[in-house]
Amino acid sequence: MALAFDEFGRPFLIIREQESKTRLRGLDAQKANIAAGKAVARILRTSLGPKGMDKMIQSPDGDVTISYTNDGATILESMDVDNQIAKLMVELSKSQDYEIGDGTTGVVVMAGALLEQAERLLDQGIHPIRIAEGFEMASRIAVEHLEHIAHKFEFSLTNIEPLVQTCMTTLSSKIVNRCKQSLAEVAVKAVLAVADLERKDVNLDLIKVEGKVGGKLEDTELIYGIIVDKDMSHPQMPKRIENAKIAILTCPFEPPKPKTKHKVDIDTVEKFQALRKQEQQYFDEMVQKCKDVGSTLVICQWGFDDEANHLLMHRGLPAVRWVGGVELELIAIATGGRIVPRFQELTPEKLGKAGLVREKSFGTTKDRMLYIEQCANSRAVTIFIRGGNKMIIEETKRSIHDALCVARNLIRNNSIVYGGGAAEISCSVAVEAAADKNPGVEQYAIRAFADALDSIPMALAENSGLQPIDTLTAVKSQQIKENNPHCGIDCNDVGTNDMREQDVFETLIGKQQQILLATQVVKMILKIDDVISPSEY
């Protein structure tokens, strides 16, 4: 500890004692990091596959449940993780979620298996850098092999069945798997409605996912238009408007307020009457402007005064207030209208057009929603989810998001590999064969990579209640014997191992991304050989 003295002779510290920090070096540091990564992977391992278990995570205050899910990214995001290496695993599943949208559990399980193999190799005395290089070589072999066994499949706007089959594979591992056929169809139709097939691009922002508690999961529907969780501002306004011309406003129905501080003294009744008349005139002009341009419905971002509401009702101009900014944009895109910031700028060209605007009430409650359908531009759609409780709706939203991402990925790149662990087993066999051709120490790492690839089908078998090792060896020998890369784990007990017959597909880019991301993270973890952490106070 270094001491110094100020001008009054008082001592103060310059450097605090370094001994109070904990420091791990070399093999100990790598072992500690690997243990942290494995711990996270172990949590998600039981959530993999169609028979995977769900996790229930409570918030720190103990009563509010954050999520009830088996979506890897959601589980890890909701967990309170302190360890830096464990945080890397959380980031890993997030990046898979952002890039692909599906396979967030598999990528973490894969990384955990690689770390397990790396630990074994470190115990044998192989240098971490050589292990990392071997893993890198093996991941390249696996990704190339996936290209070989991938199938292209053709789909069109009239033949959407292949897309639906792939989305059903994604949904089969979720809670909502009993309705996977209808939900997959909804997701595919939504994506095709907003897709630009020439540019092979899909803007998922144009698909709005709304949920409402009540009804049953089968009532989930796709609406070619927008749903707004609002109702008409006055109960006596018409509930159904055909061939609506919509004025989309971001200016409030209120008299203008001066920017400076102001004070109005009213000392006689006449002055009050004059002020009220003036205010009424403002409202009159505003409503008249909307009527003059020919609008039959006003959608406003802000609220109205009761006076304005009363006037709008009397003039026969239905209105909706307090509509959020994102919803306004979607309404503008769907109806082909423009968002108008000032009443002076309102012109007939800026009005949006919709074939039907209707208000729908649900059950015996006072819940009402506004449906804007048959829009001029049908490139904005809404998936409306119903369910028994809030948790089911949240989980369905996450599942639908995964299905939408899979459909988008297939439009970008229509190559598929077969699921159920078939692709991993096939890659494992290919990587194993390539290991013998490598003369260096890396061949141990390449062989270990092949063993790590087996961990995904093994976890699938384990979660399905099958004998993991027996099942895996049987499927592997069948793949090699028949030279058939489509044999996988029969999780649903259908009676066949051929994933083509079971229609279990996964996207090629999703699977490649999984292998590449997992390898990258493991390489990062292996390269850390010194961990300095501050002392606990």
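Placed above this text is the structure.
Note that the structure is a prediction, hence the values are computed from the model and not measured.

So, how was this worked out
Residues numbered from 1 in each chain as written. Predicted model: local features only at pLDDT ≥ 70, side-chain atom pairs only at ≥ 80, totals over all residues. Heavy atoms only, no water. Helix = DSSP H or I, 4+ residues; strand = E, 2+ residues; numbered from the N terminus. Rg over C-alpha atoms; globule rule 2.2 N^0.38 Å. Buried < 20%, exposed > 50% of the residue type's maximum accessible area, 1.4 Å probe, protein only. Salt bridge = Lys/Arg side-chain N within 4 Å of Asp/Glu carboxyl O. Pairing = 2+ DSSP bridges. Axes fitted to C-alpha atoms, helices over the stretch in contact; angles between N-to-C directions. Contact = heavy atoms within 4.5 Å. Polar contact = N/O pair within 3.5 Å; in protein donor to acceptor, adjacent residues only side chain to side chain. Phe/Tyr/Trp six-rings, centres within 6.5 Å; stacked < 30°, edge-to-face > 60°. Disulfide = S-S within 2.5 Å. Expected span 1.5 Å × (residues − 1). Core = buried A, V, L, I, M, F, W, Y, C linked by side-chain atoms within 4.5 Å. Parallel < 35°, antiparallel > 145°, perpendicular 65-115°, else oblique. Nonpolar A, V, L, I, M, F, W, Y, C, P; charged D, E, K, R; others polar. Lys, Arg positive; Asp, Glu negative; His and termini not counted.

Enquirer: Sorry, what's going on with the overall build of the protein chain here?
Expert: Scanning the protein chain for helices and strands turns up 17 helices and 21 strands. For a compact globule of 537 residues, the expected C-alpha radius of gyration is about 24 Å, and the protein chain comes in at 30 Å, more than 25% above that figure. Reported as C-alpha extents along the three principal axes, the dimensions of the protein chain are approximately 100 × 85 × 40 Å. For the protein chain, the residues scored as buried account for 51% of the 537 residues in total.

Enquirer: Is there a simple way to explain the pattern of salt bridges in this structure?
Expert: Between side chains of opposite charge, a pair can form as their charged atoms come close. The full count for this structure, using the stated rule, is 27 salt bridges. With a shortest N-O distance of 3.0 Å, Lys208 and Glu210 are connected by a salt bridge. For the pair shown, Lys208 and Glu210 are each scored as buried. The closest approach of N and O atoms between Arg315 and Asp284, which form a salt bridge, is 2.5 Å. Taken together, the residues span a long stretch of sequence, with Arg315 in the loop between helix H9 (306-314) and strand S14 (319-320) and Asp284 in helix H8 (residues 269-292) at a distance of 31 residues. What makes Arg315 partly exposed here is its relative accessible area of 28%. Through salt bridges with shared partners, one network takes in Glu136, Arg140 and Lys523.

Enquirer: Would you take a moment to explain the sheet that holds strand S19 (residues 415-418) for this structure?
Expert: Strand pairs in the sheet, formed through backbone hydrogen bonds, run parallel or antiparallel to each other. Strand order in the open sheet formed by 3 strands is S6-S19-S20, with antiparallel pairing between adjacent strands. A strand with exactly one partner marks an edge of an open sheet, and here the two such strands are strand S6 (151-152) and strand S20 (505-507). Here S19 runs beside S20; their pairing, made up of 3 bridges, is antiparallel. When the sheet's bridge partners are listed, Tyr418 is paired in S20 with Phe505.

Enquirer: What is the right way to look at unusual backbone geometry in this model?
Expert: Excluding glycine, a negative phi dihedral is what most residues carry, and trans is how most peptide bonds are arranged. The backbone of Trp322 sits at a positive phi, close to 55 degrees, despite the residue not being glycine. Assignment of secondary structure puts Trp322 in the loop between S14 and helix H10 (325-335). Phi is positive for Asn483, close to 50 degrees, though the residue is something other than glycine. Secondary-structure assignment places Asn483 in the loop between helix H15 (468-482) and helix H16 (499-502). Note on Asn483: relative accessible area 68%, which makes it exposed.

Enquirer: How do you make sense of the sheet that holds strand S9 (residues 207-213) when you look at a structure like this?
Expert: Spatially, the 3 strands line up as an open sheet ordered S9-S18-S10, and their pairing is mixed. In the strand order of this sheet, the two ends are held by S9 and strand S10 (221-223), each with one partner. Each strand axis lies, on average, 25 degrees off the axis of its neighbour in the sheet, ignoring direction. As defined by bridge partners, S9 adjoins strand S18 (residues 381-387) across 7 bridges and the pair is classed as parallel. By the bridge assignment, Glu210 is partnered in S18 with Phe384.

Enquirer: For this particular structure, what's the right way to read the environment of Leu351?
Expert: As for its placement among the helices and strands, Leu351 is situated in the loop between strand S15 (339-340) and strand S16 (352-361). Aside from chain neighbours lying at most four places away, what touches Leu351 is Lys245, Ile246, Ala247, Val293, Gly294, Ser295, Gly336 and Gly337.

Enquirer: In this structure, what is going on with the environment of Glu185? I would like to understand it.
Expert: Mapped onto the secondary structure, Glu185 falls in helix H7 (residues 180-194). The spacing of Glu185 and Ile532 is 347 residues in sequence and 52 Å in space, taken between C-alpha atoms. A polar contact of 2.8 Å, which involves the side chain of Glu185, links it to the side chain of Gln181.

Enquirer: Help me understand the packing of aromatic side chains, please; the structure alone is not making it clear to me.
Expert: Counted according to the given criterion, the structure contains 3 aromatic pairs. For the ring pair Tyr418 and Phe505, a centre distance of 5.5 Å and an interplane angle of 65 degrees mean the geometry is edge-to-face. In this pair, Tyr418 is assigned in strand S19 and Phe505 in strand S20, connecting sequence segments 87 residues apart. Judged by relative accessible area, which is 8%, Tyr418 ranks as buried.

Enquirer: Got a minute to help me understand the state of the cysteines in this structure?
Expert: Such a bond, covalent and formed between the sulfur atoms of two cysteines, is termed a disulfide. The final tally for this structure, using the stated rule, is 0 disulfides. Here Cys179 stays unpaired: no disulfide links it, and the sulfur of Cys167, its closest cysteine neighbor, is 15 Å away. Here Cys179 falls in the buried class, since its relative accessible area comes to 3%. Considering cysteine sulfurs only, Cys487 is the nearest to Cys491, which forms no disulfide, with 14 Å between them. Classification of Cys491 by relative accessible area gives buried; the value is 9%.

Enquirer: Just to check I follow, could you spell out the side chain of Glu424 for this structure?
Expert: Among the secondary structure elements, Glu424 is positioned in helix H12 (residues 422-435). Contact partners of Glu424, with chain neighbours within four places excluded, come to Leu453, Ile456, Pro457, Lys511 and Gln514.

Enquirer: So what exactly am I meant to see when it comes to H7 here?
Expert: Between its first and last C-alpha atoms H7 spans 21 Å; for 15 residues at 1.5 Å apiece the expected length is 21 Å, and the two agree. Those residues of H7 that fall on the buried side of the exposure criterion are Leu183, Ala184, Val186, Ala187, Val188, Ala190, Val191, Leu192, Ala193 and Val194.

Enquirer: Explain the nonpolar core to me, please; I cannot follow it from the model alone.
Expert: One broad rule of soluble globular proteins: the nonpolar side chains tend to lie buried together. In this structure, Leu249 and Phe253 are the most contacted members of the largest nonpolar core, which totals 90 residues. Sort the elements by how many residues they give to this core and H7 lands first, with 10 residues. For Leu249, the residues in contact, after removing those within four places along its chain, are Cys290, Val298, Ile299, Cys300, Gln301, Leu328, Val340, Phe343 and Leu346. By size, the runner-up hydrophobic cluster in this structure holds 67 residues, among which are Leu115, Ala118, Ile425 and Ala448.

Enquirer: Can you help me understand the packing of helix H13 (residues 442-453) against helix H14 (residues 455-463) in this one?
Expert: At a minimum axis distance of 4 Å, the contact between H13 and H14 shows a crossing angle of 25 degrees. Overall, the two elements H13 and H14 adopt an arrangement that is roughly parallel. The segment H13 lies against H14, with Asp451, Ala452 and Leu453 engaging Ser455, Ile456 and Pro457. For the contact of H13 with H14, a count of residues per class yields 4 nonpolar, 1 polar and 1 charged.

Enquirer: What exactly am I supposed to notice about the environment of Ser172 here?
Expert: Assignment of secondary structure puts Ser172 in the loop between helix H6 (161-171) and H7. Considered as a pair, Ser172 and Asn389 are 217 residues apart in the sequence and their alpha carbons are 20 Å apart. Excluding residues within four positions of it along the chain, Ser172 makes contact with Pro50, Asn177 and Lys180.

Enquirer: Any chance you could explain the side chain of Arg386 here in plain terms?
Expert: Considering the arrangement of structural elements, one finds Arg386 in strand S18. Buried and unpaired, Arg386 has no salt bridge, with Asp219 as the nearest side chain of opposite charge at 5.2 Å. At 3.2 Å, the side chain of Arg386 forms a polar contact with the backbone oxygen of Lys212. At 3.1 Å, the side chain of Arg386 and the backbone oxygen of Gly214 are in polar contact. In contact with Arg386, other than residues within four places in its own chain, are Lys212, Val213, Gly214, Gly215, Lys216, Leu217, Asp219, Thr220, Phe362 and Ile393.

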